[in-house]
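Structural overview for review
Residue strings, one per chain:
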2 protein chains.
Amino acid sequence: MSDPSSLLGALRVVLVGTSHPGNIGGVARAMKNMGLKDLRLVAPRAQFPHPEAEFRASGATDILNDVVVNDTLEEALADRTLVAGTSARSRHLPWPLLNPRELAGRLQDELRQPEHRIALVFGREDRGLSNEELQLCHLHVHIPTNPEFSSLNLAAAVQVLSYEVRMALVEQAETASRKEDQPFGTEWDAPLATSESLERFFEHLEKTLVDIEFHDPNNPRKSLSRLRRLYLRARPDSNEINMLRGILTSTQKAAGTKK
Amino acid sequence: MSDPSSLLGALRVVLVGTSHPGNIGGVARAMKNMGLKDLRLVAPRAQFPHPEAEFRASGATDILNDVVVNDTLEEALADRTLVAGTSARSRHLPWPLLNPRELAGRLQDELRQPEHRIALVFGREDRGLSNEELQLCHLHVHIPTNPEFSSLNLAAAVQVLSYEVRMALVEQAETASRKEDQPFGTEWDAPLATSESLERFFEHLEKTLVDIEFHDPNNPRKSLSRLRRLYLRARPDSNEINMLRGILTSTQKAAGTKK
């Protein structure tokens with residue numbers, strides 16, 4: 001797949017009335033981690049640029065250097081075709097309200113088409129976006145939180161939304177080129193053991209348990225079933241089976257039952 | 001639905017070797033936003049408690065007040081039944097590797113059952129978890145990032161994973177129809193082994209392999225890592241661990257290294 005960063009570079013983040021320079025840096029870092037680039041500040045209350053922003057950006061200084069500062073939210077959104085604003089759940093005027101995953105689902109197709117220009121808008125640390133600002137947005141998005149402690153750090157909110165959009169693009173790409181042969185969710189280093197080699201291992205295991213006089217005092221046959229269940233659950237690969245059989249052979253030699 | 005915070009309170013976050021007190025505070029805030037409570041620090045390099053941690057916690061001081069500090073990761077994990085460690089993608093020994101959404105899918109069922117005790121482990125700001133620490137984990141989780149700027153802030157990483165687990169619980173509750181939630185898709189007959197009993201088994205296994213003079217001709221240390229990976233993947237229950245240890249004891253007796 002092509003890295004989704006190339007699509008995410010077009011997704012604009014707009015911060016309205018930010019108070020703490022450290023948060024601007026934290027937002028830049030979160031954006032760059034997820035492949036976003038385009039950051040706008042609307043009427044920041046924080047001094048900017050600021051060393052605390054540089055510090056928290058932790059290397060995402062290219063984003064800070066390219067920041068555009070606007071006086072009004074309207075200016076920052078002027079060329080956008082879709083605007084999503086973050087919102088607490090309760091507003092007296094109901095508006096289309098999505099969770100971050102639903103939003104990402106909506107955005108993933110539009111991000112692939114250059115004629116769509118999307119912005120995510122985040123409000124002030126202490127009181128979010130005003131009703132007037134929210135009404136500049138096509139959609140509202142709400143991050144589900146603990147109702148008793150619901151106010152996310154600004155960089156954390158940007159992190160969650162950026163992550164969701166990136167995940168939507170990654171998952172879409174993976175579904176398009178899905179491989180069925182990765183049982184552990186990752187590239188593996190050896191093929192899975194065949195049933196035949198597993199059965200040879202279980203025969204060898206049974207013989208070795210007799211050699212070392214291992215008996216389950218409660219139920220000797222049941223212990224073999226339990227061992228089968230355990231090893232089959234792990235789905236051993238061919239190298240692992242070879243290693244387990246090597247251990248059985250060493251065991252038999254040490255027990256004097258095999259030369 | 002009941003708020004998922006009641007389930008998320010049992011999910012432990014473990015930070016290993018954290019350098020910056022501000023990050024500890026940011027983690028506490030991210031946890032509380034998502035309904036988590038149980039924070040452990042392992043051998044922090046940061047001074048703790050610290051005013052910068054208080055500041056960044058922004059009201060999540062209850063979590064900071066209840067922090068437990070451990071000297072070793074083993075102590076922090078001793079009573080856990082499932083441990084997921086955050087990891088960069090490439091490791092020379094592949095291990096079950098999930099993305100945050102896949103992990104949340106795995107955890108959502110187990111969180112509903114009080115006998116499961118889960119930990120999420122996060123490494124140092126500059127170099128993550130060591131290979132030895134990663135091998136204490138059943139699963140590894142990787143947050144998809146921009147390959148050119150992949151290192152997330154610690155609080156941001158905790159935010160993403162906590163958010164995913166919360167989302168999974170919210171979505172599951174919304175999907176309503178509850179199946180019987182079991183780790184292996186069925187009623188099980190014994191509780192899962194704890195990390196502590198698994199570690200005692202691995203020590204016993206290593207000693208026994210020395211006793212029987214088993215050596216991987218290619219790489220003796222790697223074979224121990226491979227055995228850890230295999231057994232952790234199977235997630236042994238407590239009866240299975242007792243049985244495996246019984247086999248080791250019989251092996252040592254047969255080899256004449258134990259009476």
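The coordinates are above.
Residues numbered from 1 in each chain as written. Chains lettered and ligands numbered in written order. Predicted model: local features only at pLDDT ≥ 70, side-chain atom pairs only at ≥ 80, totals over all residues. Heavy atoms only, no water.

Let us now look at the packing of aromatic side chains. Under the criterion given, the structure shown has 5 aromatic pairs over all chains. Summarising the aromatic geometry, the rings of A:F201 and A:F202 are spaced 5.3 Å apart at their centres and angled 50° between planes, so their arrangement reads as tilted. Take A:F202: its relative accessible area is 6%, and that puts it in the buried class. Three or more aromatic residues joined by ring pairs form one cluster here, namely A:F201, A:F202, A:Y231, B:F201, B:F202 and B:Y231. The ring of A:F149 has B:K32 lying over it, and the distance from NZ or CZ to the ring centre is 4.7 Å. (Phe/Tyr/Trp six-rings, centres within 6.5 Å; stacked < 30°, edge-to-face > 60°. Buried < 20%, exposed > 50% of the residue type's maximum accessible area, 1.4 Å probe, protein only. Lys NZ or Arg CZ within 6 Å of the ring centre and 35° of its normal.)

Contact residues are listed per partner, giving 65 residues for chain B and 64 residues for chain A. Taken together, the two surfaces of chain B and chain A that pack against each other cover about 5600 Å², and 60% of this comes from carbon and sulfur. At the junction of chain B and chain A, the tally comes to 10 salt bridges. For B:E171, the salt bridge goes to A:R101, with nearest N and O atoms at 3.5 Å. Counting across the interface, chain B meets chain A through 31 residue pairs in polar contact (both at pLDDT 80 or more). Of all the secondary structure elements, the ones that give two or more residues to the side of chain B that touches chain A are α2 (21-34), α3 (51-57), α6 (100-110), α8 (154-175), α10 (220-234) and α11 (238-254) of chain B. Looking at the side of chain B that touches chain A, the element that brings in the most residues is α11(B), giving 9 residues. (Contact = heavy atoms within 4.5 Å. Buried area = accessible area lost by both parts, 1.4 Å probe. Salt bridge = Lys/Arg side-chain N within 4 Å of Asp/Glu carboxyl O. Polar contact = N/O pair within 3.5 Å; in protein donor to acceptor, adjacent residues only side chain to side chain. Helix = DSSP H or I, 4+ residues; strand = E, 2+ residues; numbered from the N terminus.)

The next point concerns unusual backbone geometry. Residues and elements named next belong to chain A. Residue P49 is reached from F48 by a cis peptide bond, and omega for that bond is 0°. As for its placement among the helices and strands, P49 is situated in the loop between β2 (38-42) and α3 (51-57). Look at S58: it is not a glycine, yet its phi comes out positive at around 50°. Here S58 shows up in the loop between α3 and α4 (61-65).

Residue and element names in this part refer to chain B. Ordered in space as β3-β2-β1-β6-β4-β7-β5, the 7 strands form an open sheet in which the pairing is parallel. The sheet is open, and its two edges are formed by β3 (68-70) and β5 (97-98), each paired on a single side. Summarising the sheet, strand β4 (residues 82-86) and strand β6 (residues 118-122) pair through 4 bridges and their orientation is parallel. Across the sheet, L82 pairs through a bridge with I118, a residue of β6. (Pairing = 2+ DSSP bridges.)

With that settled, consider the pattern of salt bridges. Residue and element names in this part refer to chain B. Evaluation of the coordinates by the stated rule reveals 32 salt bridges over all chains. The partner of R101 in a salt bridge is E164, and the shortest N-O contact between them spans 2.9 Å. Here R101, found in helix α6, pairs with E164, found in helix α8; they are 63 residues apart in sequence, far enough to count as distant. Like R101, the residue E164 is buried in the burial classification.

Next up on the list: helix α2 (residues 21-34) of chain A. Residues and elements named next belong to chain A. With 14 residues, α2 ought to run about 20 Å at 1.5 Å a step, and its terminal C-alpha atoms sit 21 Å apart, in line with that. Burial of α2 is extensive: 14 of the 14 residues sit out of reach of the surface. The first or second residue beyond α2 is G35, which carries a positive phi of 95°. (Expected span 1.5 Å × (residues − 1).)

Tracing the sequence through the fold places B:D237 in the loop between α10 and α11. A distance of 3.3 Å separates a polar atom in the side chain of B:D237 from a polar atom in the side chain of A:R229. Excluding residues that lie within four positions of it along the chain, B:D237 makes contacts with A:R229, A:R233, B:W188, B:D189, B:A190, B:P191, B:L192 and B:A193.

One recurring pattern in soluble globular proteins: nonpolar side chains tend to sit buried together. Among the nonpolar cores identified, the biggest contains 95 residues, and A:L15 and B:L15 are the most heavily contacted of them. If we ignore the near neighbours within four places in the chain, the residues touching B:L15 are B:I24, B:V27, B:L39, B:R40, B:L41, B:V42, B:F122, B:L154 and B:V158. Among the nonpolar cores identified, the runner-up in size contains 37 residues, and A:L205, B:L205, B:L209 and B:F214 belong to it. (Core = buried A, V, L, I, M, F, W, Y, C linked by side-chain atoms within 4.5 Å.)

What follows covers the pairing of β2(A). Side-chain positions along a regular strand alternate between the two faces of the sheet. Residues and elements named next belong to chain A. Across the 5 residues of β2, 5 count as buried, placing the element largely inside the fold. Burial of the side chains of β2 extends over both faces: D38, R40 and V42 are buried on one face and L39 and L41 on the other. Alignment of strand β1 (residues 12-16) against β2, held across 5 bridges, turns out to be parallel. What sits directly across from V14, in β2, is R40. Tracing the backbone out of β1, into α2 and back to the parallel element β2 gives a crossover that is right-handed. (Right-handed = clockwise from strand over helix to strand, strands pointing away.)

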